Structures are given as structure tokens and as C-alpha cells.
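Each chain, written out:
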Amino acid sequence: MDVKIEQSWKEQLAPEFEKDYFRLLIDFVRQEYRQGVVYPAGPAIFSAFEYCPFDKVKVVILGQDPYHEPGQAHGLCFSVKEGVRFPPSLINIFQEIKSDLQKPIPATGDLTRWARQGVLLLNATLTVRAHQAGSHQNKGWETFTDAVIHRLAESRSHIVYILWGSYAQKKGDFIDKNRNLILTSPHPSPLSAHRGFFGNKHFSKANDYLVASGQSPVDW
């Protein structure tokens, strides 16, 4: 199957595109786009990969679902388009960066600037029906994004994996802790941020590790 995804990822993930689950997934997603409103817009489904080629990945942040309200999702987890009001989890992320790195809250919630520096902002599920959180879960996306993490874990080392919440942590169970840095904490959601997300200092810890392993830090 010819999938429109960044070339280095296309080469790495080629076996996935020929599997039955992926064909069924794409059939389902196409039908959903035909029948109603689905986010993000079709061309943005694989944006996380477009901005962050396979060999450039130095940090992985795992989300769960795309935002499901109008104008928010654009293919990068936790990120919203320029001019869109910050969702609560993103506010908490920016507050932790402010506390950790003494950086001011930015004017935009568009995290493309992170992705261009090698931060793979990957949701476990890459599409969602409008106003219906979780509506595209268990259709095959999770299998695909597991394969993404497996390819990175097998072929690359000295990557920082930032896993917020139990869902992301389960997804990263197989990552070799001796070859990479794995940072875990509660999710930045208002429901859980006060249980240990605030004060986790993941952004400074990620940069310290990157510098120690000969890579450039991320300008968070």
C-alpha cells in the first residue's frame, strides 16, 4: 500500500503497510472521513513524522488521542494550531516548563517548533471522530504506533522517551532502559497533574541527557 508519509519512515515502516490490520484500518478511516467530521484533517494525519524524520528523533512524547474539538488537532500530540486556546493539559505542560527552565509561557500552543528539533509528538491513535473522544481507538492505530516505537527501540539509542500517565507507560514497556532515557510521571491532565506531573523536571532532565550523549538540547 502506498502511504503518504515522510520517506525515512516509509522505509522503516514498509512491512506494516502490507499487513491486514493496516489495510482494515485505512478502510475504516477513509469511511469515517467520508461519513462525518474527523480530526485532524486528512493531510495532517502523519504530521508528526513529516516534521521529525526517523534518524532525527531524539525525544519521543506519547499522547493518546487527537483533540476532538474544531480547530485543535493538527497531527502532533498535545499541540494546537496557532491562535487556538490552550487545552488544560497543554497549559500544565507550559507551566512545568516555566517552573523547570524559567521560560515564559509561549504565545502559541503550536509545538511544531519542538517537532522540527527532533521531538516526535506521537499520539497512540492518529484520528478521532469530532466531539467523540476515543472513537477511533482499537481500530488498528495502536498496533501501528507500537510498531513505530519498536522500530525506534530496535534501531536507535540515546533517545529520551517521555511517558506521562499509565497508558503511555504501558506503551513503552519494551524500551531498553540501558540504551535510552525513560522519564515517567502522572499525566499533565488537570485530573492528575498535581499527583507528580508538576515538579517532574522532565524538560531539564531530557536536555541534560541529550547533552551528555553528544546531542543538542531542545529549546522547549
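Keep in mind it's a predicted model, so treat the numbers as computed, not measured.

Conventions used here
Residues numbered from 1 in each chain as written. Predicted model: local features only at pLDDT ≥ 70, side-chain atom pairs only at ≥ 80, totals over all residues. Heavy atoms only, no water. Helix = DSSP H or I, 4+ residues; strand = E, 2+ residues; numbered from the N terminus. Rg over C-alpha atoms; globule rule 2.2 N^0.38 Å. Buried < 20%, exposed > 50% of the residue type's maximum accessible area, 1.4 Å probe, protein only. Contact = heavy atoms within 4.5 Å. Areas by Shrake-Rupley, 256 points an atom, 1.4 Å probe, with all protein chains shown as cover. Lys, Arg positive; Asp, Glu negative; His and termini not counted. Charge placed at Lys NZ, Arg CZ, Asp CG, Glu CD. Disulfide = S-S within 2.5 Å. 1 Å grid on protein atoms, 1.4 Å probe; cavity = no way out; pocket = protein on both sides within 12 Å on 5 of 7 lines; lining within 4 Å. Points joined across faces, edges and corners; volume = space filled by probe spheres on them. Nonpolar A, V, L, I, M, F, W, Y, C, P; charged D, E, K, R; others polar. Phe/Tyr/Trp six-rings, centres within 6.5 Å; stacked < 30°, edge-to-face > 60°. Core = buried A, V, L, I, M, F, W, Y, C linked by side-chain atoms within 4.5 Å.

Draft legend 1. Just the overall build of the protein chain, in detail. In terms of regular secondary structure, the protein chain is built from 8 helices and 6 strands. Along the protein chain, from the amino end to the carboxyl end, the secondary structure elements read α-α-β-α-β-α-α-β-β-α-β-α-β-α. For a compact globule of 220 residues, the expected C-alpha radius of gyration is about 17 Å, and the protein chain comes in at 17 Å, within 12% of that figure. Counting only C-alpha atoms and orienting by the principal axes, one finds that the protein chain spans roughly 45 × 35 × 25 Å. Counting over 220 residues, the protein chain shows a buried share of 53%. Considering only contacts in the protein chain between residues 6 or more positions apart, those separated by 24 or more positions represent 65%. Only carbon and sulfur atoms are counted for the fraction: they give 51% of the accessible area of the protein chain, which is about 10300 Å². Seen as two clouds, the 25 positive and the 23 negative side-chain charges of the protein chain have centres 3 Å apart.

Draft legend 2. Looking closely at the environment of N92. Turning to its location among the elements, N92 is positioned in helix α4 (residues 88–101). Take N92: its relative accessible area is 9%, and that puts it in the buried class. In the structure, N92 is positioned 101 residues away from A193 in sequence and 7.4 Å away in space, judged by C-alpha atoms. If we ignore the near neighbours within four places in the chain, the residues touching N92 are P188, S189, P190, A193, F197 and F198.

Draft legend 3. Examining the state of the cysteines more closely. Summed over the entire model, instances satisfying the criterion amount to 0 disulfides. Of all cysteine sulfurs, the one in C77 lies closest to C52, which takes part in no disulfide; the gap is 11 Å.

Draft legend 4. Empty space enclosed by the protein, seen in detail. The full count for this structure, using the stated rule, is 1 cavity of 30 Å³ or more. Each pocket or cavity is described by its volume, and for the largest cavity that value is around 40 Å³. If you go around the largest cavity, the residues you meet are P40, I45, P66, G75, L76, N123, T125 and L126. Within the lining of the largest cavity, the residues separate by chemical class into 5 nonpolar, 3 polar and no charged.

Draft legend 5. Broad picture of the layout of surface pockets. Quantified by volume, the largest pocket comes out at close to 600 Å³. In this structure, the largest pocket is lined by 28 residues; those nearest its centre are Q64, D65, Y67, S89 and H187. Put simply, the parts of the chain that give the lining of the largest pocket at least two residues each are β2 (59–63), α4 and α7 (165–171). Broken down by element, the lining of the largest pocket gets its largest block of residues, 4 residues, from α7.

Draft legend 6. Geometry of the packing of aromatic side chains. Under the counting rule described, the total for this entry stands at 19 aromatic pairs. Centroid distance F46 to W141: 6.0 Å. Interplanar angle 75 degrees. Geometry classified as edge-to-face. Taken together, the residues F46 in the loop between β1 (38–39) and α3 (47–50) and W141 in helix α6 (residues 141–155) connect sequence positions 95 residues apart. As far as burial versus exposure is concerned, F46 and W141 are alike and both buried.

Draft legend 7. Summary view of the nonpolar core. In this structure, W9, F49, I61, W114, L120, F144 and W220 are the most contacted members of the largest nonpolar core, which totals 67 residues. Here F144 is in contact with I5, L13, E16, F17, Y21, F22, F46, F49 and L126, once residues within four sequence places are set aside.

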